[in-house]
Amino acid sequence: AQSVTQLDSQVPVFEEAPVELRCNYSSSVSVYLFWYVQYPNQGLQLLLKYLSGSTLVKGINGFEAEFNKSQTSFHLRKPSVHISDTAEYFCAVSSSGNDYKLSFGAGTTVTVRA
Amino acid sequence: NAGVTQTPKFRVLKTGQSMTLLCAQDMNHEYMYWYRQDPGMGLRLIHYSVGEGTTAKGEVPDGYNVSRLKKQNFLLGLESAAPSQTSVYFCAVRLAGAQSTDTQYFGPGTRLTVL
């Protein structure tokens, strides 16, 4: 079984400040990890993913995440946020042994203020 | 969004009515998934398909049925809608092949309200 916990449900942040969204997962097998973003009234867009290789993953819009196997974490970071980063962010995990089904966290709402 | 479309975009049903949501893809993806999104719960998998003619249950399958008669289309049916099925429904397809592209891409969603 696999599961994801997003440790913060709401993250308010000022424009141009850094932000970190925390994600922990549990799984008994090797995993693939993803961050998706959902802007208001839209679908989900892939931000970045970790499949294998380098543990530091860079994605779109200046986001990056680091896979930490020992701490079973995949935290998302951005050094300087913009108003347009206001959205809901979802961490998700899948694995090859279960038809690549995604398990999602509950989501973190990021609100960027001027 | 990898050519994934969902029909309809919005729908309001009365309790007990039935309806079918359509997910269509214009590429040759084997895997297709139906999720529902509810506030504070993220997305949960309802049913999925690993190829034409196959379906399997996900995390929350009760009250739903699916069919994949054609590779391009994945249908989600509600036989007797209940208010608890008020949600936003997302279809996803999995781009497979080379591991570096092993990712699910989502359609725009269907917002369903059951009164």
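Residues numbered from 1 in each chain as written. Chains lettered and ligands numbered in written order. Predicted model: local features only at pLDDT ≥ 70, side-chain atom pairs only at ≥ 80, totals over all residues. Heavy atoms only, no water.

Q: Explanation requested: the overall build of chain B in the structure shown.
A: Regarding its fold elements, chain B presents 0 helices and 11 strands. Listed by position from the N terminus, the elements making up chain B come as β-β-β-β-β-β-β-β-β-β-β. In terms of C-alpha radius of gyration, chain B reaches 14 Å, essentially the compact-globule figure of 13 Å for 115 residues. Dimensions of chain B, computed from the C-alpha atoms along their principal axes, are close to 45 × 30 × 25 Å. (Helix = DSSP H or I, 4+ residues; strand = E, 2+ residues; numbered from the N terminus. Rg over C-alpha atoms; globule rule 2.2 N^0.38 Å.)

Q: Where do I start with the pairing of strand S5 (residues 43-49) of chain B in this structure?
A: Here is the key point about a regular strand: its side chains alternate between the two faces of the sheet. All names here are of chain B. For S5, the tally of buried residues reaches 7 of 7 residues, placing the bulk of the element in the interior. Note that strand S4 (residues 31-37) and S5 share 6 bridges and pair antiparallel. Note on S5: the bridge partner recorded for Met-32 is Ser-49. Count of turn residues in the S4/S5 antiparallel hairpin: 5 residues, of which Gly-40 carries a positive phi of about 75°. Both S5 and strand S6 (residues 56-57) contribute to a ladder of 2 bridges, which runs antiparallel. What sits directly across from His-47, in S6, is Lys-57. (Buried < 20%, exposed > 50% of the residue type's maximum accessible area, 1.4 Å probe, protein only. Pairing = 2+ DSSP bridges.)

Q: Would you mind going over the pairing of strand S4 (residues 23-26) of chain A with me for this structure?
A: All names here are of chain A. Of the two faces of S4, the one holding Cys-23 and Tyr-25 is buried and the one holding Asn-24 and Ser-26 is not buried anywhere. Across 4 bridges, the pairing between strand S1 (residues 3-6) and S4 is antiparallel. What sits directly across from Thr-5, in S4, is Asn-24.

Q: What exactly am I supposed to notice about the confidence of the model for chain A here?
A: Detail in the predicted coordinates should be disregarded across regions flagged by low pLDDT. Mean pLDDT over chain A stands at 93; residues scoring 70 or higher make up 100%. Looking at the elements of chain A, mean pLDDT is at its lowest for strand S6 (residues 44-50) of chain A, recorded as 93, and at its highest for strand S3 (residues 19-21) of chain A, recorded as 98. (pLDDT = per-residue confidence, 0-100.)

Q: What is the right way to look at the side chain of His47(B) in this model?
A: All names here are of chain B. Within the secondary structure, His-47 is located in strand S5. The buried category is assigned to His-47, whose relative accessible area is 6%. A polar contact of 3.3 Å, which involves the side chain of His-47, links it to the backbone oxygen of Ala-56. Within the structure, His-47 has its side chain in polar contact with the backbone oxygen of Tyr-64 (distance 3.3 Å). (Polar contact = N/O pair within 3.5 Å; in protein donor to acceptor, adjacent residues only side chain to side chain.)

Q: I keep staring at the state of the cysteines and nothing clicks. Help me out?
A: The term disulfide refers to a covalent linkage connecting the sulfur atoms of a pair of cysteines. Throughout the structure, instances matching the rule amount to 2 disulfides over all chains. Covalent S-S linkage joins Cys23(A) and Cys91(A), the inter-sulfur distance amounting to 2.0 Å. Of note, the bridge from Cys23(A) to Cys91(A) carries an S-S torsion of about -65° and is left-handed in sense. On the criterion of sequence distance, the pair formed by Cys23(A) in strand S4 and Cys91(A) in strand S10 (residues 87-94) is long-range, its members being 68 residues apart. For Cys91(A), a relative accessible area of 0% corresponds to the buried category. Shown here is the disulfide that connects Cys23(B) with Cys91(B), its sulfur atoms set 1.9 Å apart. Between Cys23(B) and Cys91(B) the disulfide shows an S-S torsion of about -70°. By sign, it is left-handed. Of the two residues, Cys23(B) sits in strand S3 (residues 19-25) while Cys91(B) sits in strand S9 (residues 87-95), which places them 68 residues apart along the sequence. Pair check on accessibility: Cys23(B) and Cys91(B) agree, each one buried. (Disulfide = S-S within 2.5 Å.)

Q: I'm lost on the sheet that holds strand S8 (residues 73-78) of chain B in this one. Help?
A: Whether parallel or antiparallel, the strands of a sheet pair through hydrogen bonds between backbone atoms. Residues and elements named next belong to chain B. Here we have 4 strands laid out as an open sheet, ordered S1-S3-S8-S7, and antiparallel in their pairing. Looking at which strands have only one partner, the edges of the open sheet turn out to be strand S1 (4-7) and strand S7 (64-67). Ignoring which end each strand starts from, the neighbouring axes of this sheet average 20° apart. Here S3 runs beside S8; their pairing, made up of 6 bridges, is antiparallel. Residue pairing in the sheet places Leu-22 in a bridge with Leu-75 of S8. (Axes fitted to C-alpha atoms, helices over the stretch in contact; angles between N-to-C directions.)

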